[in-house]
Amino acid sequence: MKQRKLVALSAVFVTAIAALLISSQTVLVSAHNAAAPAQEGQKGDHGQKGDHGQKGDHGQKGDREEPPAPIYNPYPPGILPFDLNSEIARVLREVDNIEFEALAQLRALPPPTLTGQPPILAHTGQRANVLLGKALNFDKNMSPFKDRACAFCHMPYAGFSGPIPSVNLTMVAYPGSFAFRAGKRTAQRYTYAPNFPVLNFNQSQDAFFGGNFWDSRATGYLLGSPDANQAQGPPVDTQEHMLPDTACIAFRLQTAAYRSFFERIWGDELNIKFPPDTEEICETPGGASVFGTDTMPIKLSPEDRARANDVFDHWGESIDQYEASPDVSAFSSKFDAFLDGNATLTADEMAGYNLFRGKANCNSCHLDGRSTAPTPPPPEGTLPNSEDTGAAANTRPLFTCFGSANLGLPLNPRDAFYYQTTPDFFGFIGNPYGFGYRDLGLGTFLRSGFGSWASPNDDWTQFAPTSDGKMQTSSARNVALVPPQCPTTEAPGPYFQKEFFHNGYIKSLKQLVHFYNTRDFPPFVFNVTSGHCPAGKIEKVDCWPMPEVKNNIDMTVGNLHLTDTEENQIVAFLQTLSDGFTTPYPDINTFTGVCMTGGSASTQGNGFLIPTPPLPPCASVICGVAPFPSPPIP
């Protein structure tokens, strides 16, 4: 296990010097674009069966320490952004700063008083739990190499979504604790996620509502909160935090700076009797071949396992309370002030709002608390004369229906997940199916399929074929939230580069609205994959590649007959949904990166398009699992 400790120290060292590496483009190119050939040459040493991660001979005195694990880079040139090391280091510094702030806020808070029946933490109990959740969210010690916090992929200045513009522009998913494993989807926004109900199937509407994550796999069936359930996922995800056992959370909490606050709020005494090899286990990334199929490698007594499970549940519940609080879900946008009569929308913002709840039909899924009035295109209807005249309901509009939809997004070949087909240093393979992978979203979860979680309800499995390709309808709130120094998501800026939808295919709000508007407009539709639009056509402007999953596509959008001006007006309205207008948004000023400038919002990111390779058939482990996708997915 000494070798794993050396890997951990190596990872910390790499992070510490990342800022120095960026000063040399030669070093960066070598590290990120030429590492794959170097790793090929090392397979003979580092890939030998039985040598690495075993508990036998490597810790004996007199043994020579083995070299640290090479960076995992199975990617072709250009998938990893050139500034990845320096940007990881930047975000980790920002995470540390907010963690220090959270600890200071906890220490300054008068302690709550436990009183009453049932016992209540009176006076400051709620705020204490919110601040504890904040400290948990920004603690990067909750990963094998102590270099990934939940917030690493979800920072306040990006609406608690991805904080690295170059990652948003290129590899889509964020690199986890062991560089450079990465997941397969964009970092979904935290804001307003606590409002999603426990996942359930509505028979009258023949649809699922609720849950968290893009595929709704965090159902909330056990804790009663999908958001708390979601918070439990990344720490033990093999491509995110990568802890190999949920008990590692309780183990690391024993030495956390906020341990006393956790114990006071939850009544959990963190005196679990962990075996001597616990640290060695927790510093080894999940999925390592040494664990086999054992998901509980820390061998605890039944009593201590139950205590560790309670701690893990309370971890999720405190983070949920932080995300539900005004620190994250603030209802402080210009639109909220407009509803309260304290702000006036500009002419373009108001026109965009009328289009949002009328002709563009956005309000049928991103509900604003009033009616929607779409008019179908000719000959059935009389577009563009469509406007919602319904009265606003007495509610806080969340701009989501809590449901899921397949919007017909093309497969995005920039997604790093497709290239993780070879074992890393620990013997883990992220995606053995390569481009045979198809992201079926909710359908995969209902089958308990590859890349998702087990479904807790067998009655749902029958609905998988009618759920294939569906992804959660996120709240439209904070879709445009950016750091103050980068006042927009749109080129020419200065702008903060975001990525939109589950696979990051869309790079600006202009593209997003244009996609909804023209996805099914015949002159723009081509039977090609990304990067192969015909000569004279511009992808995302007048050429949309075919959907990754053609089943169950939502046909309420796709050919809306919006003009270019109307698209821009909807973008202007979406920008009114960013929090921070009525009161400052907490921690939004923590971005220390650089804004981007130049180009145009309609072609934003097109310079980073790469051609999709010839696609093999959908892997049988994904599309060959009963009940089968219908029609079959090629």
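The rules we used
Residues numbered from 1 in each chain as written. Predicted model: local features only at pLDDT ≥ 70, side-chain atom pairs only at ≥ 80, totals over all residues. Heavy atoms only, no water. Helix = DSSP H or I, 4+ residues; strand = E, 2+ residues; numbered from the N terminus. Buried < 20%, exposed > 50% of the residue type's maximum accessible area, 1.4 Å probe, protein only. Contact = heavy atoms within 4.5 Å. Areas by Shrake-Rupley, 256 points an atom, 1.4 Å probe, with all protein chains shown as cover. Disulfide = S-S within 2.5 Å. Axes fitted to C-alpha atoms, helices over the stretch in contact; angles between N-to-C directions. Parallel < 35°, antiparallel > 145°, perpendicular 65-115°, else oblique. Left-handed = near helix turned anticlockwise from the far one by under 90°. Nonpolar A, V, L, I, M, F, W, Y, C, P; charged D, E, K, R; others polar. Polar contact = N/O pair within 3.5 Å; in protein donor to acceptor, adjacent residues only side chain to side chain.

A. Region of the structure containing the overall build of the protein chain. Within the protein chain one finds 18 helices and six strands. Expressed as a percentage of the 634 residues in the protein chain, the buried residues total 58%. In the protein chain, the share of contacts with a sequence separation of at least 24, taken over all contacts with a separation of at least 6, comes to 72%. On the protein chain, roughly 25100 Å² of surface is accessible, and the fraction owed to carbon and sulfur atoms is 57%.

B. Here's a closer look at the state of the cysteines. Summed over all chains, the structure comprises four disulfides. Here cysteine 618 connects covalently by a disulfide to cysteine 623, the sulfurs 1.9 Å from one another. Of note, the bridge from cysteine 618 to cysteine 623 carries an S-S torsion of about 80° and is right-handed in sense. Comparing cysteine 618 with cysteine 623, the two get one shared label, buried. Take the cysteines of the protein chain that form disulfides and number them in order along the sequence; they join up as 1-2, 3-6, 4-5, 7-8. The thiol of cysteine 362 is unpaired, and the distance to the nearest cysteine sulfur, on cysteine 365, comes to 9.2 Å. The exposure class assigned to cysteine 362 is buried, which follows from its relative accessible area of 17%. As a non-bridged cysteine, cysteine 401 has cysteine 365 as the owner of its nearest cysteine sulfur, 4.8 Å distant.

C. Structural detail: the packing of helix 16 (residues 509-518) against helix 17 (residues 564-574). Interaxial distance between helix 16 and helix 17 falls to 9 Å at its minimum, and their mutual angle equals 125°. As judged from the angle between their axes, helix 16 and helix 17 are oblique. Relative to helix 17, the crossing made by helix 16 is right-handed. Seen from helix 16, the contacting residues are Leu509, Lys510, Val513, His514, Asn517 and Thr518; seen from helix 17, they are Asp564, Glu567, Asn568, Ile570, Val571 and Leu574. Among the residues forming the contact of helix 16 with helix 17, the class breakdown is five nonpolar, four polar and three charged.

D. Highlighting the environment of tyrosine 192. Topologically, tyrosine 192 is positioned in the loop between helix 7 (165-169) and strand 3 (200-202). A relative accessible area of 2% means that tyrosine 192 is categorised as buried. In this structure the C-alpha to C-alpha distance between tyrosine 192 and serine 475, which are 283 residues apart in sequence, comes to 7.0 Å. The residues contacting tyrosine 192, other than those within four sequence positions of it, are Ser329, Ala330, Phe331, Leu398, Ser475, Arg477, Asn478 and Asp579.

E. Representation of the side chain of arginine 217. Inspection of the secondary structure puts arginine 217 in the loop between strand 4 (207-209) and helix 8 (226-231). Taking relative accessible area as the criterion, arginine 217 reaches 8% and is therefore assigned buried. Engagement of the side chain of arginine 217 in a polar contact is seen with the side chain of aspartate 215, the distance being 3.0 Å. Once residues within four sequence positions are removed from consideration, arginine 217 is found in contact with Arg185, Asn212, Asn229, Asp237, Phe445, Ser452 and Trp453.

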